[in-house]
There are 4 protein chains.
Amino acid sequence: MSTNEIKVGVLGATGAVGQRFVQLLEDHPWFRITAVAASERSAGKPYAEAVTWRLDTPVPEAVRTLPVALCEPGLDCDLVFSGLDSAVAGPIEAAFAAADYAVVSNSKNHRMDEDVPLLVPEVNGDHCAIIDYQRKRRGYGRGFIATNPNCSTIGLTMALKPIAEQFGLRQVAVTTLQALSGAGYPGVPSLEILDNVLPYIGEEEDKMERETLKLLGRFRDNRIEHAGIVVSAQCNRVHVQDGHMECVSVALENKTDADGLAKALRNHRGPPQELGLPFAPARPVIVRDEPDRPQPRMDRDAENGMAVTVGRIRPCPVLDMKFVVLSHNTVRGAAGTSILNAEFLRTQGYLD
Amino acid sequence: MSTNEIKVGVLGATGAVGQRFVQLLEDHPWFRITAVAASERSAGKPYAEAVTWRLDTPVPEAVRTLPVALCEPGLDCDLVFSGLDSAVAGPIEAAFAAADYAVVSNSKNHRMDEDVPLLVPEVNGDHCAIIDYQRKRRGYGRGFIATNPNCSTIGLTMALKPIAEQFGLRQVAVTTLQALSGAGYPGVPSLEILDNVLPYIGEEEDKMERETLKLLGRFRDNRIEHAGIVVSAQCNRVHVQDGHMECVSVALENKTDADGLAKALRNHRGPPQELGLPFAPARPVIVRDEPDRPQPRMDRDAENGMAVTVGRIRPCPVLDMKFVVLSHNTVRGAAGTSILNAEFLRTQGYLD
Amino acid sequence: MSTNEIKVGVLGATGAVGQRFVQLLEDHPWFRITAVAASERSAGKPYAEAVTWRLDTPVPEAVRTLPVALCEPGLDCDLVFSGLDSAVAGPIEAAFAAADYAVVSNSKNHRMDEDVPLLVPEVNGDHCAIIDYQRKRRGYGRGFIATNPNCSTIGLTMALKPIAEQFGLRQVAVTTLQALSGAGYPGVPSLEILDNVLPYIGEEEDKMERETLKLLGRFRDNRIEHAGIVVSAQCNRVHVQDGHMECVSVALENKTDADGLAKALRNHRGPPQELGLPFAPARPVIVRDEPDRPQPRMDRDAENGMAVTVGRIRPCPVLDMKFVVLSHNTVRGAAGTSILNAEFLRTQGYLD
Amino acid sequence: MSTNEIKVGVLGATGAVGQRFVQLLEDHPWFRITAVAASERSAGKPYAEAVTWRLDTPVPEAVRTLPVALCEPGLDCDLVFSGLDSAVAGPIEAAFAAADYAVVSNSKNHRMDEDVPLLVPEVNGDHCAIIDYQRKRRGYGRGFIATNPNCSTIGLTMALKPIAEQFGLRQVAVTTLQALSGAGYPGVPSLEILDNVLPYIGEEEDKMERETLKLLGRFRDNRIEHAGIVVSAQCNRVHVQDGHMECVSVALENKTDADGLAKALRNHRGPPQELGLPFAPARPVIVRDEPDRPQPRMDRDAENGMAVTVGRIRPCPVLDMKFVVLSHNTVRGAAGTSILNAEFLRTQGYLD
């Protein structure tokens, strides 16, 4: 193990998000998985035996034989990625942070805590500074909790950020067509979605309407001021494996046209691109000009699933502009952003 | 044949819409198919031999042996239903009207003609009076052309009508999730839609944004004044056989809440209901209270596919109220509304 | 209630098969549902409240308000249809039979009991006489247990019976493509079957290989002699809602050709047809000549889902003849055959 | 361009198979695309403009600007891969061979010519020697035609070859569940396959029953003696994008059990493995022990889509043994085997 490598653990390692962490971290240049933790039922078994692996690449060799531990501090690592179920994530993540672990979580429990960053580095990297306040307020030492937003919020805010910066954002109306993998495993029964659409995803609309305001908010005086915009979300589940599509309309402070909007999106770069982080896509937002793109199966894997794709930019007769956003919900929308968050936090000194 | 029966013909009888006309007219109490017409390729053959039947009920016995004629006046009938392709429908329909046939069409060609009614009886039955002006202006005798809107516009306007009447409508933002049967046959290749969504349907957004204004407009002084509202549409094709779902937000002149909106929709009745027309659903709009309805497979066949189902009525943070509409795109959204139009026009004396 | 009506109960009434019983028995001319029973969790609630109804017709009015009872003798009825889970069906069904109820079951538990008929009336109606032996052996009075086979076995044996009778059957090789509804609810997760096939269904191959021998066996001397044929089954789950397709090859004692086989299948009639039973299809086996039929979506509803459809009859280079069978797995393959069994047993005096 | 590189052209380069050739040949260590040819409609345009690219990786940079030529000799290359439609492939391929081009084809036209090898290197590499006879008989100089089998035959014969060698093969009964990409583009309409199975694929059963005999036959005295076995095929189209699944039963000369069969399949290696060809999978046949594998989505990409996966090996009550085979129909089943054929033919001196 090189001296630069950081030992990481995965909490909830046998679950859907946990498996994606294990898959994506294989061959990571900075992070090496040295611990996997899950529920009592799996504890003690080698990972390859405890997990019902559902991804289409094999279980990484280096993890196959790691014994599954319980989700308690004591793991041999400095950083834990949390893919824990929200039913249990809250206190476990707090316990790890209190025990000096850096906790980078995909779970919803601490997202809206006022002293926890809800982070997408291309959107609000500067919010990470709230960690200093968090440590002081909670009495943490080296430990902390950082979270990433809900899958559909991540794709949305990556497209909204350059628009907000350049044109000012007043209102956002979004209707989603979300993939089945967003519901985890076993998730949606096949009999419910074959030849069908489900026009409801529990809590999803509320998450999009609230998390977006925190993400686009401003950090100052040890506070994150939520953005003064209004978001309306309608969320649907469709018959797609991976890739959330979102039809978005926006009202702007300063008018622009399709070319202006496309240019702002195309030119957007954030700290991950400037820092050349391992998981950073070269372009966070890809803009396509074809009339019928983005499409989930054609665009979800753009830049290894870390870029979002925007298309169909055109004026909206009701608000100002409308367009379609597509992002890979379990890569950029979950584990991939967590890993990028950890990379970014390292460059900011929070893993020292 | 009873003396009350009206002889009808079907133009484009071997196509997707034409087949639906033939299916739905079986056992109709007023209309009897006495002529079927299609392109030169089919002409002369018995219908059952000329058609590649794709519906899951058998070809009606009474039509199986009818010889397929060319689409030219001279058919033994008084009324023709047109399911013609828009590439040819325009002049053919005009020729039939000039030759004293009542033409009730599902094709788009004459929809926006200022002297042609774009009709959904529950929405704008009174617009049929423009036929008098049409006959005078075009020099028609007994003949005329009446049309119904695009499939996605029909479902939308059936939900909007009671809202417009009771609360006043200012703005409509709608995102659709449309079924594959809307693209006809062969339509969308399976390789394009498996595990995918197509975020584009040619001309569809434009049709929804324009036809809605005519439908919700006011008839007076031999003119249809288009409604002064603004509509924004985003149209997607999803992996569903039948049933268009639409996520709608509306801005109202007079505020209301979910209960008020639901009540207006539930209580709506139009001329077809008052007249007890054969194809009229008892309730044009069904409102469901479950959090996850309507769904295409569960709700498309409500009232034999002639009712639209609305659910998820709730406030919209950006406009005023939002909800989901579901309608059967090839029944209520096409042939079924044409037949209801013909029934209604008969009661108004236009088939005498 | 007419004096001819028989009061029936449904065991496991809130489950997938139980719901189908409730749906199919609406308006049955002989049977009236007077009791519904389920697990402790549902007991005491009105049926409409206890059930999560998943069929696309509404809950029958007459059953909506029936209180759900526990699955114990004491129900106000003479006959019970059992859609119980196999984890509990065995002793419950036996208790009802011992308490003088006629038990007509779709569950697997008693299927292979030597004194229980495994019944498809068109295939082995005469096997019902084993009930006399069952009553004597088990000390039952008026009560008894009759079962129907596994869904895929029913479709298969309905096609094999006329072949066995007319040409003599030696070997059967069958590969199935089975629908998702066969797995009940929640059944197969959508993420497992989207863009996929599952080449394994637990116990299914064994059931087909064993049940077929009992069904095609001979009843004599109070025994059912299993048929001396050999069956090999390969079972797959495919992305279809309803309708099991089976690709079958057979070795015959007496050779025939495609026309001969088609004729034998087309002409087959059994006791349900001769007796004109309410649930009997006019033709138990429909033979189609098109090269690409049967297909699940086009043929599963033939004769209200009670007929099986056979197509592609042709010589097999390895055995003798091959063909494709399609049957509706939850109607003819489950609740529908149970109801037909009850109708048939009534005509044979077993419900007196 | 290194002196070792061979210039290759792709015939039918804009079609479904042609696109796969272009995709798979990117970065090939031996072959470099220097010419692309298609129909008159595309001729003259740069490839990226002429093609409607449908694969989910981008058009290779080196090919984007190549001008599309007509499918006539004169192309600047030594070897052509043919993905031509069978309506035109026959004479065009012959013309190229006569003009000294090596023609490696995926089209069916010359497959059963007695002097043309029908080649899968792991199955019948030695058949390539028939090229000497072909050249003499047809008066070709440097040119020749070599073909690969139908997609479903390739997967089948790769599994049958080690069985035939080690146990002797007498009979094969196979039922396929084939992917949609096998039908090309636009291929199967979505309305035909949603919630459905198509039990018929034109000519497919005949191809499997005949091509298998040639592939498993013996080369001697400048002849390919077809194998003296019997094959029966039933072919179905299912709702899967890529990956043909086949349920196979075999009758053997020398009995074995599941372990014996698995061992023979696992240990099989052919000339591509011994020679270490660039496109050779390390293991041509992967055997899986899980009860529910292979599955199309999980196993089609094994070894970059060049390995076939076998599972569920067990005794067959009718023949001797049965099992399930899965192969990627457009990689191993088409363009990938063509490329492997070309690599193999080079090592045998046929490209000198």
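Reading the values: the criteria
Residues numbered from 1 in each chain as written. Chains lettered and ligands numbered in written order. Predicted model: local features only at pLDDT ≥ 70, side-chain atom pairs only at ≥ 80, totals over all residues. Heavy atoms only, no water. Helix = DSSP H or I, 4+ residues; strand = E, 2+ residues; numbered from the N terminus. Rg over C-alpha atoms; globule rule 2.2 N^0.38 Å. Areas by Shrake-Rupley, 256 points an atom, 1.4 Å probe, with all protein chains shown as cover. Lys, Arg positive; Asp, Glu negative; His and termini not counted. Charge placed at Lys NZ, Arg CZ, Asp CG, Glu CD. Contact = heavy atoms within 4.5 Å. Buried area = accessible area lost by both parts, 1.4 Å probe. Salt bridge = Lys/Arg side-chain N within 4 Å of Asp/Glu carboxyl O. Polar contact = N/O pair within 3.5 Å; in protein donor to acceptor, adjacent residues only side chain to side chain. Nonpolar A, V, L, I, M, F, W, Y, C, P; charged D, E, K, R; others polar. Buried < 20%, exposed > 50% of the residue type's maximum accessible area, 1.4 Å probe, protein only.

**Q** Can you help me understand the overall build of chain A in this one?
**A** Assigned secondary structure in chain A consists of 13 helices and 14 strands. Radius of gyration (C-alpha) of chain A: 20 Å, near the 20 Å computed for a compact globule of 352 residues. Along the first, second and third principal axes, the C-alpha atoms of chain A reach 60 × 50 × 35 Å. Counting only carbon and sulfur atoms, one obtains 45% of the accessible surface of chain A, whose full area is about 12,200 Å². Measuring between centres, the 37 positive side-chain charges of chain A sit 2 Å from its 45 negative side-chain charges.

**Q** What is the right way to read the side chain of D:Arg111 from this model?
**A** Positionally, D:Arg111 belongs in the loop between β5 (102-105) and α5 (121-124). Setting aside residues up to four positions removed in sequence, D:Arg111 forms contacts with D:Asn106, D:Val116, D:Leu118, D:Thr147, D:Asn148, D:Pro149, D:Asn150, D:Lys207, D:Glu211 and D:Lys214.

**Q** Mind showing me how you'd approach the interface of chain B and chain D here?
**A** Accessible area lost upon the coming together of the parts is a frequently used measure of interface size. Between chain B and chain D, the residue contacts involve 16 residues of the former and 16 residues of the latter. For chain B, the biggest contributors to the area lost against chain D are B:Ser190, B:Leu191 and B:Leu194; these three give 42% of the whole. Along the contact surface separating chain B from chain D lie two salt bridges. Between B:Glu192 and D:Arg54 there is a salt bridge, and its shortest N-O distance comes to 3.3 Å. Where chain B meets chain D, there are seven residue pairs in polar contact (both at pLDDT 80 or more). Along the lines of polarity and charge, the residues of the side of chain B that touches chain D split into nine nonpolar, five polar and two charged.

**Q** For this particular structure, what's the right way to read the environment of A:Arg111?
**A** Residue and element names in this part refer to chain A. Note on Arg-111: relative accessible area 5%, which makes it buried. The spatial distance from the C-alpha of Arg-111 to the C-alpha of Gln-273 is 24 Å, given a sequence separation of 162 residues. Within the local environment of Arg-111, its side chain forms a polar contact with the backbone oxygen of Asn-106, the two atoms lying 2.9 Å apart.

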